[in-house]
Amino acid sequence: MCGIAGFVGMGDRADLVRMADTLRHRGPDGDGFHVHEPSGVHLAHRRLAILDIVGGHQPMHTADGSMSIVFNGEIYNFRELRVELERGGAKFISDHSDTEVLLHGYRAWGEQLCERLNGMWAFVIHDRSKRQLFCSRDRFGKKPLFFHARPGVFAFASELTALKQHPGVPIQLDPLSLRKYFAYGFVPAPRTFFSGVKKLPGGHSLTLDLDSWTLRQTRYWQYQTEPFEERPHGVERQWAEQLRELLDAAVARRLVADVPVGAFLSGGVDSSMIAALAMRHVGRDRLKTFSIGFEEASFDESRHARAVAEHIGASHSAQVLSVDRALDILPDIQSRMDEPIADFSLLPTYLLCQHARKQVTVALGGDGADELFAGYDTFRALRYASAYEKFVPTPLHRGISMLAARLPVSHSYMSFDFRLKRTLRGLDHPSRLRLPVWMAPLAPSELEQLFAEPMDLEELFSEAITTWDTTASSNPVDRAIEFYLTLYMQDDILVKVDRASMMHSLEVRAPFLDIDVVNFARRLPAELKLRGNQTKWILKRAAEPLLPDGITGRRKQGFAVPTGAWFADGRLSVRPETSGNPAFWRRLSCEHSAKRSDHRLALQAQLAVEPILRDVPSPVRSGARP
């Protein structure tokens, strides 16, 4: 795991060094630079040494010097690819570097290399013979890649903070991206907070022709529901066994490292299953597991994590995230987040990564299971939404919403009033908008109040609408899975984990996102994922033989933070003056403190974005249209 940066055209070595220095936390074990004067290509790398400590330095070059690469990530099937390449005549210099596999793989297979990879990556290859830069990002966007392109300048980096160090990159807040941020809680790819800067979306590659200065972006992979032409032979128990076998292989691949490896353990099904499978390969008492607890009982899962650790025989350690601790680490997180997200589970994730890094350099996590196997409460809500819409007329719905608004506010974890009010809010809108509206920090009506203008919902939620409308399956569960994988996981969950882990130079690996597991999951019928009212049905069947009694039957509990209570009693607060509409945020803060409304998600979004609004003039102030 590393940080990469570089540019073509305008700029010099001092700019390159400055960009790389900004990424020191992503790669504390060394740096490397390559400047090819004839083409103006500048490449930089910060290294977190995981594989081939001696031979894996970057930028890496082919023996003839015709190609150079900077790479961030891990390729888990690099050994198999290396054998295939050697049979084809490739001569390797390194002992077991996955980076060199990418170089020889690109020479042998060109752009089709990406389709052969099993892993997480963002890399840039300078091909001197073709006079091209080839850039690629993994299927789900686990590893980030930002870029700016205009005539005379092409610059890229693992983080916006590094990209901003290049003198040719404009830093101007994008009005529509700010509106989308408050609509989603994140900025969906390829957009960023800044006009002129883009994220390369997951599953895409980008080629820059150095002669014509033209860019060509290609989508090499897309998650698509694709049912088995014939259902696999055998009963559902055998499907669960097959899933468990695929996950076991995925975990084994992600235990390969030349540094210590541990596992996150929340006490839920996902991380518990990964930890239990890892124990099969490392042996009892040799796996270190890590968890975070909370002082507020309704948010705390630490006792379940301890029970799982004792059951599988892991060496377990935990820390508690108190309010004081959260307030201590929040300024550091805010100052180092290159692109804010409104997801405040970033706080415990940051602390968890800090805690784990004291003992290991790599950690396995459970990310991807909820998205692949329908693990969120919204999947249940979708099941009943069509019936509600059919049998509850609009006037009655409005009456129910008015009654629900009078329910007393509770700041406990996923309280009844919070879930009911959110569900009813989504039911105000057609099916293609329900998921983003359910999750949005601000309702469409509140967005109109904040920005003092009407909102075009087709434009605001264009990414969600496109995903919903283009899904091959008509089943709402399948459609929701594609929404979560394409948008929410890529631009929220994986961003959170990447930034929190890299702030502590920790690599986090996600076995659920192994391509073999994903290809199996996307072909499973929706009723095996959401059965009746039970989410992740097939995954829980696969996990049962591995875990103690009661774990698979637990109600899902996300990595949430009790910010509702913290905002209510003033321990957390926003700064309305940083916004173009201070009166709006003062009103929301007062309503939240008085428990007249629950605005925790909106207040989180504003608090997270305040550093950007302080540094860059907000379009809200000027009233500029997107």
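This text follows the structure it describes.
Note that this is a predicted model, so its numbers are computed, not measured.

Strand order in the open sheet formed by 5 strands is β15-β14-β13-β16-β17, with parallel pairing between adjacent strands. If you trace the sheet from one side to the other, it starts and ends with β15 (315–321) and β17 (507–509), each paired once. Neighbour-to-neighbour, the strand axes of the sheet open up by a mean angle of 30°, direction not taken into account.

Here the focus is the packing of helix α17 (residues 444–451) against helix α24 (residues 582–593). α24 packs onto α17 with a crossing angle of 135° between their chain directions and a minimal axis gap of 8 Å. By the angle between their directions, the pair α17 and α24 is classed as oblique. Seen from α17, the contacting residues are Glu 446, Gln 449 and Leu 450; seen from α24, they are Phe 584, Trp 585 and Arg 587. Here the residues of the contact of α17 with α24 are counted per class, giving 3 nonpolar, 1 polar and 2 charged.

What follows deals with the nonpolar core. Counting residues in each nonpolar core, the largest one holds 180 residues, and the members touching the most others are Phe 123, Phe 182 and Trp 585. A per-element tally of this core places helix α20 (residues 476–502) first, with 15 residues. Apart from the residues within four sequence positions on either side, Trp 585 is in contact with Phe 182, Leu 442, Leu 450, Val 574, Pro 576, Ser 579, Ala 602, Leu 603 and Gln 606.

Another aspect to go through is the pairing of strand β5 (residues 67–75). Taken across its 9 residues, β5 has 9 buried, putting it largely inside the fold. Bridging between strand β4 (residues 60–61) and β5 involves 2 bridges; their strand directions are antiparallel. Counterpart to His 61 in the pairing with β5 is Ser 68. Here β4 hands over to β5 after 5 residues, with Gly 65 in that stretch at a positive phi of 75°.

Below, the discussion takes up the environment of Phe 193. Relative to the elements of secondary structure, Phe 193 occurs in the loop between α6 (175–184) and β10 (198–199). The exposure class of Phe 193 is buried, given its relative accessible area of 0%. Residues Phe 193 and Leu 173 lie 20 residues apart in sequence; the distance between their C-alpha atoms is 5.7 Å. When residues no more than four places from it in sequence are discounted, the contact partners of Phe 193 are Gln 172, Leu 173, Asp 174, Ser 177, Leu 178, Tyr 181, Val 187, Glu 339, Pro 340, Val 609 and Ile 612.

Right, let's talk about the sheet that holds strand β8 (residues 146–150) for a bit. Strand order in the open sheet formed by 6 strands is β2-β3-β1-β9-β8-β10, and the pairing between neighbours is antiparallel. Edge strands, defined here as strands with exactly one partner in the open sheet, are β2 (31–36) and β10. Bridge count between strand β1 (residues 2–9) and strand β3 (residues 41–47): 7 bridges; the pairing is antiparallel. Following the sheet pairing, Cys 2 is matched in β3 by Arg 47.

A few words now on the packing of aromatic side chains. What describes a pair of aromatic rings is the distance from one ring centre to the other and the angle between the planes of the rings. Here the structure, examined in full by the defined rule, presents 19 aromatic pairs. Between Tyr 376 and Tyr 488 the ring centres are 5.9 Å apart and the planes differ by 80°, which places this aromatic pair in the edge-to-face class. Of this pair, Tyr 376 sits in the loop between α12 (369–372) and α13 (377–391) while Tyr 488 sits in helix α20, placing them 112 residues apart in sequence. Here Tyr 376 and Tyr 488 have matching classes, each one buried.

Moving on: the pairing of strand β12 (residues 214–219). Where strand β11 (residues 204–209) lies against β12, 6 bridges are found, and the strand directions are antiparallel. Of the residues in β12, the one forming a bridge with Asp 209 is Thr 214. The antiparallel hairpin formed by β11 and β12 contains 4 residues in its connecting segment, where Trp 213 sits at a positive phi of about 60°.

With that out of the way, let us pick up the pattern of salt bridges. Taken as a whole and assessed by the stated rule, the structure comprises 38 salt bridges. Residues Arg 336 and Asp 332 are paired through a salt bridge, measuring 3.3 Å at the closest nitrogen-oxygen approach. With a gap of 4 residues between them, Arg 336 and Asp 332 both fall in helix α10 (residues 323–336), about one helical turn apart. For Arg 336, a relative accessible area of 25% translates into the label partly exposed. Residue class for Asp 332 comes out partly exposed when judged on its relative accessible area of 26%. Salt bridges sharing partners connect three or more residues here, namely Arg 26, Lys 143, Glu 159, Asp 338, Asp 498 and Arg 499.

Definitions and limits used
Within every chain, residues take consecutive numbers counted from 1 along the sequence as written. Local features in a predicted model are, by the rule used here, given only for residues with pLDDT of at least 70; side-chain atom pairs are given and counted only at 80 or more, and totals for whole chains, interfaces and linings are based on all residues. For the side-chain quantities, the full set of heavy atoms in the structure was used; hydrogens and water were omitted. DSSP calls a pair of strands paired once it identifies at least 2 bridges connecting them. Helix and strand definitions here come from DSSP, where helices need a minimum of 4 consecutive H or I residues and strands a minimum of 2 consecutive E residues; each element is numbered from the N-terminal end. Helix axes are fitted only over the stretch in contact, all axes being lines through C-alpha atoms; the angle between N-to-C directions runs from 0 to 180 degrees. Angle categories are assigned with fixed cut-offs, so that under 35 degrees is roughly parallel, over 145 is roughly antiparallel, 65 to 115 is roughly perpendicular, and the rest are oblique. What makes two residues a contact is simply this: any of their non-hydrogen atoms within 4.5 Å. Each residue receives one of three labels: charged for Asp, Glu, Lys and Arg, nonpolar for Ala, Val, Leu, Ile, Met, Phe, Trp, Tyr, Cys and Pro, and polar for the others, Gly being one of them. In these notes, a set of buried Ala, Val, Leu, Ile, Met, Phe, Trp, Tyr and Cys residues joined through side-chain atoms within 4.5 Å is what counts as a nonpolar core. Relative accessibility decides the category of a residue: with a 1.4 Å probe and only protein chains considered, values under 20% of the type maximum give buried, values over 50% give exposed, and everything between is partly exposed. Any Phe, Tyr or Trp ring, taking Trp's six-membered ring, that has another such ring centre within 6.5 Å forms a pair; planes under 30 degrees apart are called stacked, those over 60 apart edge-to-face, and the others tilted. By salt bridge we mean one thing: a side-chain nitrogen of Lys or Arg within 4 Å of a carboxyl oxygen of Asp or Glu.

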